[in-house]
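As a plain string of letters, each chain reads:
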Number of protein chains: 2
Amino acid sequence: MLIVFKYLLTDLPFIDFSFVTMKKNTKKERFFAESLKLIHEKGFKATTMRDIASKLNFEVANVYNYIDSKNALLETFLFGMQDEFHDSLDEILDSSYDPKEKMHLVVSSYIQITSKRPYEQALLVNEWRNLKAPKLQEFIQRRKEYENKIKILFQEGVDNNQFENIDVEIATATILAALRWLYKKYIDSTIKINSLEIEKQLTRLIFNGISSN
Amino acid sequence: MLIVFKYLLTDLPFIDFSFVTMKKNTKKERFFAESLKLIHEKGFKATTMRDIASKLNFEVANVYNYIDSKNALLETFLFGMQDEFHDSLDEILDSSYDPKEKMHLVVSSYIQITSKRPYEQALLVNEWRNLKAPKLQEFIQRRKEYENKIKILFQEGVDNNQFENIDVEIATATILAALRWLYKKYIDSTIKINSLEIEKQLTRLIFNGISSN
DNA sequence: GTCTATAATTCGATAGAC
DNA sequence: GTCTATCGAATTATAGAC
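About the criteria used
Numbers given to residues run from 1 along each chain, matching the order in which its sequence is written. Each chain takes a letter, starting from A, and each ligand takes a number, starting from 1, following the order in which they are written. This being a predicted model, a pLDDT of at least 70 is required before a residue's local features are given, and a value of 80 or more before pairs of side-chain atoms are given or counted; all residues contribute to the totals for chains, interfaces and linings. With hydrogens and water set aside, each side-chain value is computed from the structure's full complement of heavy atoms. A helix here means a DSSP run of H or I that spans at least four residues, while a strand means a run of E at least two residues long, and both kinds are numbered starting from the N terminus. Should any heavy atoms of two residues lie within 4.5 Å, those residues are considered in contact. Residue-level accessible areas treat just the shown protein chains as cover; the underlying method is Shrake-Rupley with a 1.4 Å probe. Each cavity reported here is a set of points on a 1 Å grid over the protein atoms alone in which a 1.4 Å probe fits but cannot get out, each pocket an open set with protein on both sides within 12 Å along at least five of seven lines, and each lining residue one with an atom within 4 Å of a point. Grid points are joined across faces, edges and corners, and a volume is the space filled by probe spheres set on the points. Here the nonpolar group is Ala, Val, Leu, Ile, Met, Phe, Trp, Tyr, Cys and Pro; Asp, Glu, Lys and Arg are the charged ones; every other residue, Gly included, is treated as polar. How far a helix is expected to stretch is found by multiplying one less than its residue total by 1.5 Å. Only protein chains enter the accessibility calculation, which uses a 1.4 Å probe. A residue is then buried if its area is under 20% of the maximum for its type, exposed if over 50%, and partly exposed in between. One heavy atom within 4 Å of a molecule or strand makes the whole residue count as near it. Under this definition, polar contacts are N or O atom pairs within 3.5 Å; protein pairs additionally need one hydrogen-donor-capable and one acceptor-capable atom, and for neighbouring residues in sequence, both atoms have to be side-chain atoms. Within this document, salt bridges are pairs made up of a side-chain nitrogen of Lys or Arg and a carboxyl oxygen of Asp or Glu, the two lying within 4 Å of each other.

K.L.:
For the overall build of chain A, give the residues involved together with the corresponding values.
P.N.:
In terms of regular secondary structure, chain A is built from 10 helices and zero strands. Contacts in chain A between residues at least 24 apart in sequence constitute 72% of all its contacts with a sequence separation of at least 6. If you sum the accessible surface of chain A, you get close to 10,000 Å²; carbon and sulfur atoms cover 48% of it.

K.L.:
Report on empty space enclosed by the protein, specifying residues and quantitative values.
P.N.:
On inspection of all chains with the given rule, the structure shows two cavities of 30 Å³ or more. Along the walls of the largest cavity sit 14 residues, with T174 and L205 of chain A together with T174, L205 and I206 of chain B positioned nearest its centre. At the level of elements, α8 (168-180) and α10 (195-208) of chain A together with α9 (168-180) and α11 (195-208) of chain B are the ones that each hand at least two residues to the lining of the largest cavity. For the lining of the largest cavity, the element with the highest residue contribution is α9 of chain B, accounting for four residues. Residue classes in the lining of the largest cavity are distributed as 10 nonpolar, four polar and no charged.

K.L.:
Quick one: what's the story with helix α2 (residues 27-42) of chain B, residue by residue and with numbers?
P.N.:
Residue and element names in this part refer to chain B. With 16 residues, α2 should cover 22 Å at 1.5 Å per step; its first-to-last C-alpha distance of 22 Å lies within 8% of that length. What α2 keeps buried is the set E29, F31, F32, A33, E34, S35, L36, L38, I39 and H40. Contacts made by the buried residues of α2 are with α3 (49-55), α4 (60-63), α5 (70-93), α7 (118-126) and α10 (183-188).

K.L.:
Quick rundown of the protein's contact with DNA strand D? Include the residues and the values.
P.N.:
Close contacts around DNA strand D come from 15 residues, with R50 and K70 of chain A together with K27, E59 and N62 of chain B the closest. Here, DNA strand D places atoms within 4 Å of the protein, and 59% of those atoms are sugar or phosphate. K70 of chain A places a main-chain nitrogen or oxygen 2.9 Å from a phosphate oxygen of DNA strand D. N62 of chain B places a polar side-chain atom, nitrogen or oxygen, 2.9 Å from a phosphate oxygen of DNA strand D. Listing elements by their share of the surface near DNA strand D, those giving two or more residues are α3 (49-55) of chain A together with α4 of chain B. A class-by-class count of the residues in the surface near DNA strand D yields six nonpolar, five polar and four charged.

K.L.:
I'd love a proper account of the pattern of salt bridges, names of residues and values included.
P.N.:
Residue and element names in this part refer to chain B. Across all of its chains, the model carries 16 salt bridges over all chains by this definition. Across the pair K42 and D51 runs a salt bridge whose closest N-O atoms are separated by 3.1 Å. With relative accessibility at 40%, the residue K42 sits in the partly exposed group. Taking relative accessible area as the criterion, D51 reaches 22% and is therefore assigned partly exposed. Between D83 and R142 there is a salt bridge; the shortest N-O distance is 2.5 Å. One end of the pair, D83, is in helix α5; the other, R142, is in helix α8 (residues 133-159), with 59 residues separating them in the sequence. You can call D83 partly exposed: its relative accessible area is 31%.

K.L.:
How would you explain the environment of S212 of chain A if you had to name every residue and give the values?
P.N.:
Here S212 of chain A shows up in the segment after α10. A relative accessible area of 12% places S212 of chain A in the buried class. Along the backbone, S212 of chain A and D98 of chain A are 114 residues apart, and their C-alpha atoms lie at a distance of 26 Å. Once residues lying within four places of it in the same chain are set aside, the contact partners of S212 of chain A are N161, Q162, F163 and E164 of chain B. From its side chain, S212 of chain A meets the backbone oxygen of N161 of chain B in a polar contact 2.7 Å long.

K.L.:
Give a detailed account of the protein's contact with DNA strand C, specifying residues and quantitative values.
P.N.:
Taken together, 15 residues sit near DNA strand C, with K27, E59 and N62 of chain A together with M49 and K70 of chain B positioned nearest. Counting only atoms of DNA strand C within 4 Å of the protein, the sugar-phosphate share comes to 59%. Between DNA strand C and the protein, one listed contact pairs a phosphate oxygen with a backbone N or O atom of E59 of chain A at 2.8 Å. Here a phosphate oxygen of DNA strand C and a side-chain polar atom of N62 of chain A are 2.9 Å apart. Residues of the surface near DNA strand C, tallied by class, amount to six nonpolar, five polar and four charged.

What follows is the structure in structure tokens.
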């Protein structure tokens, strides 16, 4: 069974922090786009304000025209992206689909978001550890809530006999792990990627595994 | 089908860099064990030589009794761990099992190594980006070779009609992603973990997915 | 918005005595 | 092996002129 609910994907709430995919008209948009790429390539800690300034052909002090601090820059990317995933998940869970259909939708929307913001997703996966004291706990807390929602959804599917009776923690961690690597494909690939084909293959892997018959 | 080849797991080549699981008799062993944990918890860049010295209750200069540089410390952990995974994989691939049996063995040995060295595995997954110029390329090259071997193995299984005809890149990335998160469970969990049960569940997820029937 | 200049701190690493 | 002392470099961030 393979169902694609495209209508929902185009209805995803739009949050305006897509500095990469948007046309870089204003200097501010270009600042965030270049910063985002730099942080992805070098890592947050290894990316200095001088690196960013140099990339934009101006001096270090000018960086502070756009942001208050280096950490605020990271927070902007991470929490913006986290909001997007949460809003998308909540919309799916609030629908009347059954657990299996909902899980299909989760996979589908996850791929959709990743395809639109692969660099932000890379930061979400790799750089969240660099958040500072109050923001870090907030981030971890929200991520835990996200994972809990997936756990509950999976458990409903087990109770429903739509999913195999697998340990909920292991299943959830594995499903999310199967989705979290995908940003690499969108960033590294030289050719245009067909997200529908990705969705088909990843869905097959998550729901039916690699074994034939 | 669920086969566990335990004999092979106990035959894994032993590489003596297990600073965590070994009893910490000598000061050197304790130095590496505490450094490893610190780097995992704070991240490599955020962990200072002063942090390490403080943890071991001596002064910064003493750190250099054990290592030549901060980067050499990271290299020790990462390349030691990489060697272990490679040796284990090569031994499996050199056997006469069929592709599906070999893939079972890969999963099994991967879990085995992770369970023995969860902190080293955490560094292997999260901290390799901090390697410097010549070592970084070497690391990436070796990891690419590892992934290529898995790709080839999967393709053999497809040709063999044992695996579904899924895109090799996507399948390989997903299989490895399903294994790479596991170190967290061994580090975070308070209760003793049954690796055989983990193996059973993860194998089921990878080979048959979450769907029932 | 852009620059120069610099403050204030932190970090990796070394020298050299004991 | 352990210590004190310190160097030199790099970093975030700010002040203030244009």
